[in-house]
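Residues per chain, in single letters:
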Amino acid sequence: MYIDSHCHINFPELAARMPEILATMAANKVTHALCVSVDLPDFPQVLALAKEYPHIYASVGVHPDYEDTPEPSVDQLVELSQHPKIVAIGETGLDYFRLQGDLEWQRERFRVHIRASRITRKPLIIHTRAASADTIRIMREEGAGTDKGGVAGVMHCFTESLEVAEAAIAMGFYISFSGIVTFKSAKELQAVARAVPLERILIETDSPYLAPVPHRGKMNEPGFVCHVAEYLAALKDVPLATVAQQTTDNFFNLFKAIRDEVEVDSAL
């Protein structure tokens with residue numbers, strides 16, 4: 001089985017097709033999906049999906065790209081994360097690719113999320129683009145990793161260097177690969193994926209974006225995460241079943257609240 005560790009199925013283009021989305025997940029043996037929050041105004045939609053579907057979970061957070069949106073506080077994130085279907089804080093992080101100028105507000109927002117993670121003991125979902133040095137620095141300063149008393153998390157939709165991956169892994173983080181790794185142009189990222197231990201890898205779609213080959217150019221959805229696993233298996237020259245099982249185990253090891261719930265359901 002497969003798990004989509006990062007998707008945005010609350011976005012209108014996917015939410016309008018929910019029965020089809022869920023059917024494709026089932027057909028492709030995608031058993032769970034984590035629907036990730038990007039801002040507070042839309043958080044109720046994210047939580048509503050997680051409440052409605054037993055195999056959908058959610059996070060709470062504000063994406064670094066969202067400049068003109070209500071700013072979260074530590075207390076607010078802690079309060080909103082109390083529902084048992086909210087298993088992570090984020091997505092959060094830094095993005096210097098899309099936004100220019102004084103981005104201190106972005107760095108402060110990132111720190112707020114890390115502090116909320118430490119209080120709630122819920123893992124972080126981190127986005128970093130063209131900002132890896134500051135991302136790692138702030139993670140260390142705020143104690144995001146298990147090495148500093150944090151609960152770590154996942155570097156989502158990873159596109160950075162092996163050095164950045166290794167720095168995050170040293171702090172207890174997992175590295176998540178999206179459909180980007182299947183693109184012909186992603187040679188450097190493929191080299192990183194080949195080098196990262198399978199025991200530290202998650203798979204994701206980041207849907208509705210970044211559909212993997214053979215669906216590149218189409219709207220992405222959680223059911224397509226199997227193609228990321230297939231590509232990684234070929235890249236690492238290991239059986240597909242090994243990638244499927246290890247990435248699933250990794251997901252449950254990181255998101256222990258989901259693992260515990262699944263184990264209880266299986267025992268009933």
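Coordinates for the structure precede this section.
Parameters and conventions
Residues numbered from 1 in each chain as written. Predicted model: local features only at pLDDT ≥ 70, side-chain atom pairs only at ≥ 80, totals over all residues. Heavy atoms only, no water. Buried < 20%, exposed > 50% of the residue type's maximum accessible area, 1.4 Å probe, protein only. Helix = DSSP H or I, 4+ residues; strand = E, 2+ residues; numbered from the N terminus. Pairing = 2+ DSSP bridges. Right-handed = clockwise from strand over helix to strand, strands pointing away. Contact = heavy atoms within 4.5 Å. Phe/Tyr/Trp six-rings, centres within 6.5 Å; stacked < 30°, edge-to-face > 60°. Lys NZ or Arg CZ within 6 Å of the ring centre and 35° of its normal.

Novice: In this structure, what is going on with the pairing of strand 7 (residues 174-177)? I would like to understand it.
Specialist: On a regular strand, each side chain points to the face opposite its neighbour's, so the side chains alternate between the two faces of the sheet. Every second residue of strand 7 is oriented toward a common face, with Y174 and S176 on one face and I175 and F177 on the other, all of them buried. Bridge analysis of strand 6 (residues 153-155) against strand 7 gives two bridges, and the strand direction is parallel. Counted as the bridge partner of M155 is I175 from strand 7. Crossover strand 6 to strand 7 through helix 7 (residues 162-170) is right-handed. Bridge analysis of strand 7 against strand 8 (residues 201-203) gives three bridges, and the strand direction is parallel. In the strand pairing of strand 8, S176 is matched with L202.

Novice: Can you help me understand the environment of I3 in this one?
Specialist: Along the chain, I3 falls in strand 1 (residues 2-7). A sequence separation of 154 residues divides I3 from C157, and the C-alpha atoms of the two residues are 14 Å apart. Setting aside its immediate chain neighbours within four residues, I3 contacts V30, T31, H32, I203, V225, T248, F251 and F252.

Novice: Could you clarify how one ought to interpret the packing of aromatic side chains in this entry?
Specialist: Two descriptors summarise a pair of aromatic rings, namely the distance from one centre to the other and the angle between the planes of the rings. Within this structure, the stated rule accounts for four aromatic pairs. When the centroid spacing of 5.9 Å and the interplanar angle of 70 degrees are considered together, the rings of F251 and F252 count as edge-to-face. No difference in accessibility class separates F251 from F252, as the two residues are buried. Taken together through their ring pairs, the aromatic side chains of F251, F252 and F255 make up a single cluster. In this arrangement the basic side chain of R200 is found over the ring face of Y174, its NZ or CZ atom lying 4.0 Å from the centre. Note that R216 overlies the ring of F183, its terminal NZ or CZ placed 3.7 Å from the centroid.

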